[in-house]
Amino acid sequence: MILGRPLGSMPLLRRARISVSLTFMAEGTVRILLAWIGNRDLWAAGVTDRVPLRSPSTSISPLAGFPGMPVSAIIHPNSGSDATDIPQIGSESTSPNLDLGPTASALLDCAVNISHAVLLTSYPNDLVNAYKAWLCSQTKIHIKFVSTSLRTPADFESIGREALKAVRSVSQEFGDRATIFYHLSSGTMSMSAVWLLIGKGVVPGKFLQVSKEEGVKEVTIPFEMVVDFLPDLLQRREASLPSPMVALGSRSFGDIVHNSEVMNGVIGRANTAALYESPVLLEGETGTGKELFARAIHSASKRTNGSFYAVNCGAMSGSTVNGELFGWKKGAFTDAKTDRKGLFEQADGGSLFLDEVGELTPDVQVRILRAIQEGEIQRLGDQVTRKVSVRVIAATNRELQSEVVAGRFREDLFYRLSVLVIKIPPLRVRGSDISLLADSFIARMSKATGEERQLTTEAKQLLEKQHWPGNVRELQATLHRAWVWSGGKLIGVEDIGKELLGVDLPKSILDRSLGGGFSVDLVIEEVKRHYVQRALAAASENLSKAAELLGLSRQTLTNWTRSLETSNSHTPNGRTKVVKK
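All values reported here derive from a predicted model rather than from experimental measurement.

Caption draft 1: The overall build of the chain, seen in detail. Within the chain one finds 21 helices and 17 strands. Buried positions account for 47% of the 581 residues belonging to the chain. Considering only intrachain contacts with a sequence separation of at least 6, the fraction spanning at least 24 residues in the chain is 73%. For the chain, the exposed surface amounts to about 28,200 Å²; the carbon and sulfur share of it is 51%.

Caption draft 2: Looking closely at a nonpolar patch on the surface. On the surface, Phe518, Val520 and Ile524 cluster together into a nonpolar patch covering about 250 Å² of accessible area. By the secondary structure assignment, Phe518 is in the loop between α18 (493-499) and α19 (520-538).

Caption draft 3: Quick look at the pattern of salt bridges. This structure, assessed with the given rule, holds 20 salt bridges. A salt bridge links Glu214 to Lys217, with the shortest nitrogen-to-oxygen separation between them at 3.4 Å. According to the relative accessible area criterion, Glu214 is partly exposed, its value standing at 37%. For Lys217, a relative accessible area of 32% translates into the label partly exposed. Here Lys423 makes a salt bridge to Glu283, at a shortest N to O gap of 2.5 Å. Residue Lys423 is located in strand β13 (residues 420-423), and its partner Glu283 is located in strand β7 (residues 280-283); the two are separated by 140 residues in the primary sequence. Under the relative-accessibility criterion, Lys423 is labelled partly exposed at 45%. One continuous salt-bridge network, built from bridges that share partners, spans Glu359, Arg398, Glu403 and Arg408.

Caption draft 4: Highlighting the sheet that holds strand β1 (residues 30-36). The sheet built from six strands is open, its strands ordered β3-β2-β1-β4-β5-β6 with mixed pairing. Both edges of this open sheet fall to β3 (142-147) and β6 (215-219), since each of them pairs with a single strand only. With strand direction ignored, the average angle separating the axes of adjacent strands in the sheet is 25°. Summarising the sheet, strand β4 (residues 178-183) and strand β5 (residues 206-211) pair through three bridges and their orientation is parallel. The partner of Tyr182 across the bridge, within β5, is Phe207. Sheet contacts for helix α5 (residues 156-174): β1, β2 (116-121), β3 and β4; angle to β1, the most-contacted strand, approximately 165°.

Caption draft 5: Quick peek at the sheet that holds β7. Strand order across the open sheet formed by five strands is β8-β9-β12-β7-β13, with parallel pairing between neighbours. Of all strands in the sheet, those bounded by a partner on one side alone are β8 (308-312) and β13. On average, adjacent strands in this sheet sit at an angle of 15° to one another, irrespective of strand direction. By the bridge criterion, four bridges tie strand β9 (residues 351-355) to strand β12 (residues 391-396) in an arrangement that is parallel. Bridge pairing links Leu352 to Val392 in β12.

Caption draft 6: Spotlight on the packing of α5 against helix α6 (residues 189-201). Between α5 and α6, whose axes approach to 10 Å, the crossing angle comes to 50°. Comparing the axis directions of α5 and α6 gives the class oblique. Between α5 and α6 the crossing geometry is right-handed. Contacts between α5 and α6 pair Phe156, Ile159, Gly160, Ala163, Leu164 and Val167 from the former with Ser190, Met191, Ala193, Val194, Trp195 and Ile198 from the latter.

Caption draft 7: Main features of the nonpolar core. One finds Leu33, Leu107, Leu119, Tyr131, Leu135, Ile143 and Phe145 to be the most contacted residues of the largest nonpolar core, which totals 29 residues. Looking at this core, the element that brings in the most residues is helix α4 (residues 125-136), giving six residues. Those residues in contact with Ile143 that lie beyond four places of it in its chain are Leu107, Ala117, Leu119 and Leu135. Judged by nonpolar contacts, the second largest core, of 28 residues, contains Ile368, Ala371, Val388 and Leu400.

Caption draft 8: Local environment of the environment of Thr338. Tracing the backbone shows Thr338 in the loop between α10 (318-326) and α11 (343-346). It is 8.3 Å that separates the C-alpha atoms of Thr338 and Trp328, two residues lying 10 residues apart in sequence.

Caption draft 9: Seen up close, the confidence of the model for the chain. Residues with a pLDDT of 70 or more make up 75% of the chain, whose mean pLDDT is 76. Scored below 50 in pLDDT, residues 226-251 shows 48 contacts in the model against residues more than four places distant or in partner chains. Note that pLDDT drops below 50 for residues 566-581; the model gives that stretch 47 contacts with residues more than four away or on any other chain.

Caption draft 10: Representation of the packing of helix α15 (residues 433-449) against helix α17 (residues 471-486) in the model. Across the interface, α15 lies against α17 with an axial gap of 10 Å and an inter-helix angle of 45°. Here α15 is positioned oblique relative to α17, judged by the angle of their axes. Crossing of α15 over α17 shows right-handed handedness. Here Ile434, Leu437, Ala438, Phe441, Ile442, Arg444, Met445, Ser446 and Thr449 of α15 lie close against α17, whose contacting residues are Val472, Leu475, Gln476, Leu479, His480 and Trp483. Of the residues contributing to the contact of α15 with α17, the split by class is 10 nonpolar, four polar and one charged.

The rules behind each value
Residues numbered from 1 in each chain as written. Predicted model: local features only at pLDDT ≥ 70, side-chain atom pairs only at ≥ 80, totals over all residues. Heavy atoms only, no water. Helix = DSSP H or I, 4+ residues; strand = E, 2+ residues; numbered from the N terminus. Buried < 20%, exposed > 50% of the residue type's maximum accessible area, 1.4 Å probe, protein only. Contact = heavy atoms within 4.5 Å. Areas by Shrake-Rupley, 256 points an atom, 1.4 Å probe, with all protein chains shown as cover. Patch = residues over 30% accessible without salt bridge, like charges linked within 9 Å, V, L, I, M, F, W, Y side chains within 5 Å. Salt bridge = Lys/Arg side-chain N within 4 Å of Asp/Glu carboxyl O. Pairing = 2+ DSSP bridges. Axes fitted to C-alpha atoms, helices over the stretch in contact; angles between N-to-C directions. Parallel < 35°, antiparallel > 145°, perpendicular 65-115°, else oblique. Left-handed = near helix turned anticlockwise from the far one by under 90°. Core = buried A, V, L, I, M, F, W, Y, C linked by side-chain atoms within 4.5 Å. pLDDT = per-residue confidence, 0-100. Nonpolar A, V, L, I, M, F, W, Y, C, P; charged D, E, K, R; others polar.

This is the structure we're talking about:
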């Protein structure tokens, strides 16, 4: 049969016999049909009476198979539990209308060449078993029936939940070998809409329609969810991506403690990026959790069963990182006693995280570009090229665009790495996330040591007022110190205040990057804090003398010190002292 040829143009029995040819496929390819079983499928198989939907005398409707519907009203009177009782194609007991139904039509079409099928249903077991026996008698295709639980056949939430389970299962089982076909002509309109959303926005696939006029036809959907719609959704509120359509791997991000709007948006982007094979570039200050995001993206992707390797490019010299990434052949250098696989080979089928990618030397950049662009690597000292399939997730705390302009980073590699860019915000703009993270760290230490401790409300408030130039890593270190030295069950303001470390004002304050959490108010506050601290120290805490040194009135300096209590710790005598940050 030719794709798009009318169903009635070939004898049905011949069509059923030809279905055996579906098993002769290109090696390694799997063509999977995902479909909901609908009433038209059951009618075509003779499993239910062919009663018009508008008939008031029966309970048959597109909503058949749900609680409250008597099974006796929809089971075909001639069908029993034995498969031999089920009407076959062309038998006398079938209707003169020889339509196979949308699902069987797609499965038996040689042009589509389906090899596997996952059929979702919420009908009663009696109907499903009868249909299964009939369908399996027509084809040797590997078919999996999935029983689902829907509130109603038009409820998007439950349909989306069950559909995503099926897609996730298929992706995990077959990986890159699978070509998914979403069936738009079986089930309810809501079910078709869900397949459309998933196929265009979550796991890309092809779409099939069935009609008597054109038969089985692959259809092109003239839009892309990510390109045409997703940017607008993210701009309005990245945290509110349609659920559950864009949440296939959301559980993989559960280790990222957050509640702020800014982090909800970033995780929404990362969750979406995980669904594609494109390289990802994570930008953010040191200590913001870029490796945690990289691991979550890998876990949420269809490479989740593959290996994940991480390498800090800034911690190794050029020669060392070459060997670590690409391996070497025995005898390539003095200490090369045996052949060794590099991380690109070890991560084949999985993901490789290149941390501080901006530190790479030019020669290593060239080799990485070839690995990403051509999918092949060459070990040191070897003339043989080896094919690899690795998803690269890179991270940097530098402005790579500035590095490109300065000639320190290859422009072509930059564009290869920055297909999907995610900016991780600094801790200082995450608001209440600071308290959530603090509670999480304290709870983790309590579990590890068996010593129960908690932060006081005042201690949390103090933590939220800090600038945290070292971000999450600095917060964790501060809490660790406070835990060790506090000694009591409660960690209070004084315990935290003693462990806050002052950091000198960066010399490059006029060269900071805009965007990505930048706030001019925070920069101004940082400058104020720096000079107020210096003046108070030089004037031995005398406000009048400090104000004179700063060129301010005493009242203005008093107001400044009050506003800068966002970084205050309390001294034993009850006075407040501005801590240099």
